[in-house]
Amino acid sequence: MSHRQPICLTSGPRRSWRRWAALWLALFTSACGGSSTTPTRPTVAVSIFPVFDVVRRIAGDRFEVLCVLPPGRTEHSYEPTPRELAALAETDLAFAVGLELDGWLTRVVRSAAGDDVRTVELGPSIEPRRFTPAELGIIGESHDEHGHDGHHHGAIDPHFWMDPLRMERAIDPIVEALVALDPEDAAGLRARGEAEKASLRELHAAIEGASQRWRRRDVVTFHGSFGYFADRYRLRVVAVVEPLPGREPTPRYVEEVVRALRAAESAALFYEPQLDPRPARIVAREAGRTIHELDPLGGTEGRDSYEALLLHDVAVLDEALR
Ligand SMILES: [Zn+2]
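Just so it is clear, the model here is predicted, and its values are computed rather than measured. (Residues numbered from 1 in each chain as written. Predicted model: local features only at pLDDT ≥ 70, side-chain atom pairs only at ≥ 80, totals over all residues. Heavy atoms only, no water.)

1. Observations regarding the overall build of the chain
A tally of helices and strands in the chain yields 11 helices and 10 strands. Counting across all 322 residues of the chain, residues that qualify as buried make up 54%. Counting only contacts in the chain whose residues sit at least 6 apart along the sequence, the fraction spanning at least 24 positions is 68%. Total accessible area computed for the chain in this model is approximately 14,600 Å², and 53% of it derives from carbon and sulfur atoms. (Helix = DSSP H or I, 4+ residues; strand = E, 2+ residues; numbered from the N terminus. Buried < 20%, exposed > 50% of the residue type's maximum accessible area, 1.4 Å probe, protein only. Contact = heavy atoms within 4.5 Å. Areas by Shrake-Rupley, 256 points an atom, 1.4 Å probe, with all protein chains shown as cover.)

2. Details of the environment of A320
With respect to the helices and strands, A320 occurs in helix α11 (residues 306-321). As for A320 and R215, which are separated by 105 residues in sequence, their C-alpha atoms are 9.8 Å apart. When neighbours within four sequence positions are excluded, A320 is seen to be in contact with R216, A268, F270 and H292.

3. Considering the side chain of D295
Relative to the helices and strands, D295 is located in the loop between β10 (291-293) and α11. Looking at D295, its side chain comes within polar contact range of the main-chain nitrogen of G298, at 3.0 Å. (Polar contact = N/O pair within 3.5 Å; in protein donor to acceptor, adjacent residues only side chain to side chain.)

4. Some remarks on the packing of aromatic side chains
For any pair of aromatic rings, the description rests on two quantities: the centre-to-centre distance and the angle between the ring planes. Following the criterion strictly, the structure yields six aromatic pairs and no others. An aromatic cluster is defined as three or more aromatic residues linked by ring pairs; in this entry it consists of W214, F226, F229 and Y233. Its guanidinium or amino end placed over the ring of Y228, R129 lies 5.8 Å from that ring's centre, counting from NZ or CZ. (Phe/Tyr/Trp six-rings, centres within 6.5 Å; stacked < 30°, edge-to-face > 60°. Lys NZ or Arg CZ within 6 Å of the ring centre and 35° of its normal.)

5. Some thoughts on the coordination of the zinc ion
Octahedral metal centres with six donors ideally show angles of 90 or 180 degrees, and tetrahedral centres with four donors ideally show 109.5 degrees. Note on the zinc ion: its protein donors are E75 (OE), H76 (NE2), H159 (NE2) and H223 (NE2). The metal-donor distances range over 1.9 to 2.0 Å. For the zinc ion, the four donor atoms in the first shell make angles of 104 to 119 degrees at the metal, so the coordination geometry reads as tetrahedral. (Donors = N, O, S within 2.8 Å, 3.2 Å for Na, K, Ca; no water. Tetrahedral: all angles 85-135°; square planar, octahedral: opposite > 155°, others 65-115°.)

6. Digging into helix α2 (residues 49-59)
Burial of α2 is extensive: nine of the 11 residues sit out of reach of the surface. Listed as buried for α2 are F49, P50, V51, F52, D53, V54, V55, I58 and A59. Positive backbone phi, approximately 65 degrees, marks G60, located one or two places after α2.

Here it is in structure tokens:
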């Protein structure tokens, strides 16, 4: 896959400009015997693009909002470069999905900005669903040899952002955490939170309308990232190609997926831009199907807002399921 330019860490130059301005102001005010408080905005770091996009709109211009995971990378692991780490040096607050998805976030922001950075996990407040057996790599009687050690611990599905109505439930916790950091703008933050909720409900209505056109309902997704979306819009995930995202499935498991695809005659097959598509290509070739790209994360051109990302996926589904 091509590596697109990240559009999510955009505040580097502005930040260094602000640093200089703050330093200059500090020197100036101390020379004049004034207060040494600097006018920097609080910095908020968000683990993945879809949540980042919603947070930045609620935050408005009162916060510096940074997206931690660079676009194009899988949400299931992240090791920052020294430069990416340095960009997070002033983080005051972090937003994570939680539910064991992005445990890397707390580690990363704390090593960048110190141990007192608080992480707010949004997942627990959105009524999480459980993975289905198929999403865990259990097809019929057999399962992937690795399938059971990936998503364990009760198999809670963390990919809640793929359902706009679950995302709506995350708005209040986001707003309240931002209000705690900037109480002066409480009214503005709450108003922007309500506006975001309205936008998410509108998005849901648009997807609901589009989903009426889909004559086929069975899908084989690349990993277990579309369960919330499938539940909401009445799709059925009959299998996933890679139960452990980033770990190549065994040949025996690939055969199971091919068999599941043949059994579900109308099922559509997908890969994802963040993960190596080769296992999906093998399945497509053996089952004689075309593959389509579904994107759970976006942050790239044409998918540069949460709404744009979901509508992009809807357009793909229109093509794949008609
Ligand atoms: Zn995932």
